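Survey of secondary and tertiary structure
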Number of protein chains: 2
Amino acid sequence: MTRPDDSLDRVIHEPARLRLMTLLFVVDEADFTYLSNQTGLTAGNLSTHMAKLENAGYVAVDKSFAGRRPRTVYRLTDNGRNALVAYRAAMDDMLGRIDPSN
Amino acid sequence: MTRPDDSLDRVIHEPARLRLMTLLFVVDEADFTYLSNQTGLTAGNLSTHMAKLENAGYVAVDKSFAGRRPRTVYRLTDNGRNALVAYRAAMDDMLGRIDPSN
DNA sequence: CAAATAGCTTTGTGGCACAAAGCATATCGC
DNA sequence: GCGATATGCTTTGTGCCACAAAGCTATTTG
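One structure accompanies this document, and this report is about it. (Residues numbered from 1 in each chain as written. Chains lettered and ligands numbered in written order. Predicted model: local features only at pLDDT ≥ 70, side-chain atom pairs only at ≥ 80, totals over all residues. Heavy atoms only, no water.)

Observations regarding the pairing of strand β3 (residues 69-76) of chain A
Residue and element names in this part refer to chain A. Pairing geometry for strand β1 (residues 30-31) and β3, over two bridges, is antiparallel. Each residue of the ladder has a partner; that of Ala30, found in β3, is Tyr74. The turn linking strand β2 (residues 59-66) back onto β3 is made up of two residues, and Gly67 within it adopts a positive phi angle of 70 degrees. (Pairing = 2+ DSSP bridges. Helix = DSSP H or I, 4+ residues; strand = E, 2+ residues; numbered from the N terminus.)

Some points on the relation of the copies chain B and chain A
By a simple turn and slide, chain B fits onto chain A: the slide is 0.0 Å along the axis, the RMSD is 0.0 Å, and the turn is 180 degrees. Interpreted geometrically, this transformation is the action of a two-fold axis. Most of the interface of chain B is mirrored in chain A, where 100% of its interface residues are also at the interface. (Least-squares fit on C-alpha atoms with pLDDT ≥ 70 in both. Contact = heavy atoms within 4.5 Å.)

Let's talk about the protein's contact with DNA strand C
As a structural note, the neighbourhood of DNA strand C is formed by 19 residues, with A:Arg17, A:Asn45, B:Arg10, B:Ser47 and B:Thr72 the closest of them. For DNA strand C, the fraction of atoms within 4 Å of the protein that belong to sugar or phosphate moieties is 68%. A:Lys52 is positioned with one of its side-chain polar atoms (N or O) 3.3 Å from a phosphate oxygen of DNA strand C. Note that a base oxygen of DNA strand C is positioned 3.4 Å from one of the backbone N or O atoms of B:Gly44. (Near = heavy atom within 4 Å. Polar contact = N/O pair within 3.5 Å; in protein donor to acceptor, adjacent residues only side chain to side chain.)

Here's the deal with the interface of chain B and chain A
The interface is formed by 35 residues belonging to chain B together with 35 residues belonging to chain A. In total, about 3,100 Å² of surface goes out of reach between chain B and chain A, with carbon and sulfur atoms giving 65% of it. The largest contributions to the chain B side of the interface with chain A come from B:Arg88, B:Leu95 and B:Ile98, which together make up 19% of the buried area. Note that B:Glu14 and A:Arg10 form a salt bridge whose closest N and O atoms lie 2.8 Å from each other. Taken together, the connections running from chain B to chain A amount to seven residue pairs in polar contact (both at pLDDT 80 or more). Of all the secondary structure elements, the ones that give two or more residues to the side of chain B that touches chain A are α1 (10-13), α2 (15-27), α3 (32-39) and α5 (78-95) of chain B. Looking at which element gives the most residues to the side of chain B that touches chain A, the answer is α5(B), with eight residues. Considered class by class, the residues forming the side of chain B that touches chain A number 16 nonpolar, 10 polar and nine charged. (Buried area = accessible area lost by both parts, 1.4 Å probe. Salt bridge = Lys/Arg side-chain N within 4 Å of Asp/Glu carboxyl O. Nonpolar A, V, L, I, M, F, W, Y, C, P; charged D, E, K, R; others polar.)

Right, dumping it as structure tokens:
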């Protein structure tokens, strides 16, 4: 018995959140509605997933008002960017040997 | 609301099983004890994970005897190999834009 | 022959993803 | 000005599942 595998950050690993993280990585910032549309997540699920990413310190939230309507804008923190890059590295490492021609 | 994300096969996506699948991909066949040693999974967890991979049709099991002791040998099915290759493709697609220098 | 080891399978449980319900404000129809 | 519908979320409820622990069968060892 060596050690259980924890090279893949579970917070990022969840498909919905992985999607959200990669989205935020490229667009830099996005509001709640945009993220919901892009991912197809219901408001409820999106809300809880974002809360989890917040708690992990991977995203920062800015709640303001656009006119009289609330507007919630998310962006990755430096920590979040680093964690995602590390996740990609771990995944590449894991899948590196998976070759279609094999 | 577009569609929820199901491009990543959940059976494979689970880290423990991803590890097992990639292992089997390269070694071609492996017995229970070897897999337990390599992954650090307890016998219980390994057993249930392998059962899940079996049910998905991704691994084939051969139970035989080495001398008088039982020996359980696993290998990927063609289906399993294809699914893993597809998983890698989906993951590459998802992470393609995650560039450390960005 | 009792105790330990090997090789698993089954059971129990906490955590979490997801859906549904709830809540607050805002605009629209009449 | 007042229901009805929409917008923008948060909270609640529940079923599933990964993981650990316990259990089970057979075999080897002192």
